[in-house]
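Here are the chains, one letter per residue:
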Amino acid sequence: LIVLACPCALAFGTPLTFGLALKKAQTSGILIKDSSALEKVSFLKEVFFDKTGTLTHGQLELSYTEPSTLDPDVCRRILALEGHSFHPIAFALRKAWSHLVDLPKVKKVKEVFGQGLQGKIQDIVCEVKTLSESVHDEDLAIGYYENNELLARLYFKDSLRSEAPKILQQLKKRGLTFSLLTGDSKARAMPIAQACQIPSERVHASLFPEEKAQEIKKIRNTCMIGDGFNDALALQAADVGIMMKGSASLNQAHADIYFIRSGLTPLLDLLLLADTGKK
């Protein structure tokens with residue numbers, strides 16, 4: 001009777017539905033900036049995934065070094081330099097070398113996302129760079145340089161999230177396509193892609209942050225899911241940007257949705273909520 005007497009009551013239906021959906025999302029461990037982001041989710045066609053920290057746990061572990069035994073002072077300089085970074089490599093080194101104290105001071109620190117870190121300790125120019133070539137392709141490798149001389153290679157391992165393959169297959173059943181965008185090499189990206197049944201032509205590796213954004217801009221109705229500094233531009237370029245739990249705070253300004261539950265499972269909950277709003 002109210003609807004018949006006052007058609008404008010119908011106007012309350014959509015915002016009320018989205019309002020309830022936003023509240024339900026919060027209780028499910030999903031923070032959504034506004035209802036427009038949830039509405040965009042219901043029209044998604046392509047989902048782009050970062051690799052490290054998204055499809056994988058992102059909790060790197062230092063597996064070994066070359067040479068196998070490093071000078072403690074060299075380790076201290078590496079650790080002091082990485083103390084200015086929030087990259088997973090930095091956290092792995094802090095954990096592996098937590099026993100080292102009395103770290104030197106670093107000046108003129110400069111971090112270039114996707115490339116490396118540089119600083120000056122006394123008269124030594126210290127640099128950490130990602131190595132494009134490695135005899136251990138399955139591991140993430142970095143090189144440590146002092147005054148442009150390579151002193152050490154450090155190797156790190158990461159593991160696939162157990163739920164990732166299942167989540168991506170659920171996306172496939174919903175008619176969504178998905179791609180992998182990563183700054184890692186093709187050799188390290190492919191085992192993860194194969195485990196998640198991502199076609200090789202949809203694996204885009206060795207990308208700089210701006211290149212990730214360019215790939216996303218080629219398609220409409222897109223979603224980007226990431227967790228690191230390198231994903232900030234991609235999150236902004238996508239129609240819907242999603243941050244994983246534990247993401248760097250820099251991304252908060254660029255993401256539309258934030259998972260406060262660990263893992264990728266909240267993604268399916270988000271899609272179900274969007275279906276509710278769409279109906």
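Notes on the structure in this doc start here. It should be emphasised that the depicted structure is a prediction, and the values quoted were computed from it without experimental measurement.

Criteria and cut-off values
Residues numbered from 1 in each chain as written. Predicted model: local features only at pLDDT ≥ 70, side-chain atom pairs only at ≥ 80, totals over all residues. Heavy atoms only, no water. Buried < 20%, exposed > 50% of the residue type's maximum accessible area, 1.4 Å probe, protein only. Helix = DSSP H or I, 4+ residues; strand = E, 2+ residues; numbered from the N terminus. Pairing = 2+ DSSP bridges. Contact = heavy atoms within 4.5 Å. Axes fitted to C-alpha atoms, helices over the stretch in contact; angles between N-to-C directions. Core = buried A, V, L, I, M, F, W, Y, C linked by side-chain atoms within 4.5 Å. Arc of directions from axis to C-beta. Phe/Tyr/Trp six-rings, centres within 6.5 Å; stacked < 30°, edge-to-face > 60°. Lys NZ or Arg CZ within 6 Å of the ring centre and 35° of its normal.

1. Section: the pairing of strand β7 (residues 140–146)
Counting buried positions along β7 gives seven out of seven residues, so the element sits mostly inside the fold. Here β7 shows two buried faces, one formed by L140, I142, Y144 and E146 and the other by A141, G143 and Y145. Inspection of the sheet shows strand β6 (residues 124–130) paired to β7 by five bridges, in the antiparallel sense. When the bridges of β7 are listed, V128 appears paired with Y144. Pairing between β7 and strand β8 (residues 149–157): seven bridges, direction antiparallel. Across the sheet, residue G143 finds its bridge partner in β8, namely R153. Between β7 and β8, which pair antiparallel one after the other, the connecting turn spans two residues, and N147 there sits at a positive phi close to 50°.

2. Points about the sheet that holds strand β12 (residues 240–243)
The seven strands are arranged β1-β13-β12-β11-β2-β9-β10 in an open sheet whose pairing can be described as mixed. Unpaired on one side and paired on the other, β1 (30–32) and β10 (203–204) mark the two borders of the sheet. Across the face of the sheet, helix α9 (residues 209–217) comes into contact with β2 (46–49), β9 (177–181), β10 and β11 (222–226) while running at roughly 165° to β9.

3. Looking at the nonpolar core
In this structure, F49, L55, I198, I242, I257 and L270 are the most contacted members of the largest nonpolar core, which totals 38 residues. Sort the elements by how many residues they give to this core and helix α11 (residues 265–278) lands first, with five residues. Apart from the residues lying within four places of it in its own chain, the contact partners of L55 are F49, D50, L160, R161, A164, L168, L180, I192, I198 and L264. With 25 residues, the next largest nonpolar core counts I78, L79, L93 and W97 among its residues.

4. Brief notes about the side chain of S42
Tracing the sequence through the fold places S42 in the loop between α3 (35–41) and β2. For S42, a relative accessible area of 14% puts it in the buried group.

5. Points about α9
Given 3.6 residues per turn, any residue in an α-helix points the same way as the ones three and four places further on. Within α9, burial applies to P209, K212, A213, E215 and I216. Buried residues along α9 cover an arc of 160° about the axis, so they all sit on one side. For α9, the secondary structure elements touched by its buried residues are β2, β9, β10, β11 and α10 (232–237).

6. Observations concerning the packing of aromatic side chains
Within this structure, the stated rule accounts for one aromatic pair. With a centroid separation of 4.8 Å and an interplanar angle of 25°, the aromatic rings of Y64 and Y155 are classed as stacked. Taken as a pair, Y64 in strand β3 (residues 61–66) and Y155 in strand β8 lie far apart in primary sequence, 91 residues in all. On the accessibility criterion, Y155 (0% relative accessible area) is buried. Sitting over the ring of F91, R94 keeps its end group 4.8 Å from the ring centre.

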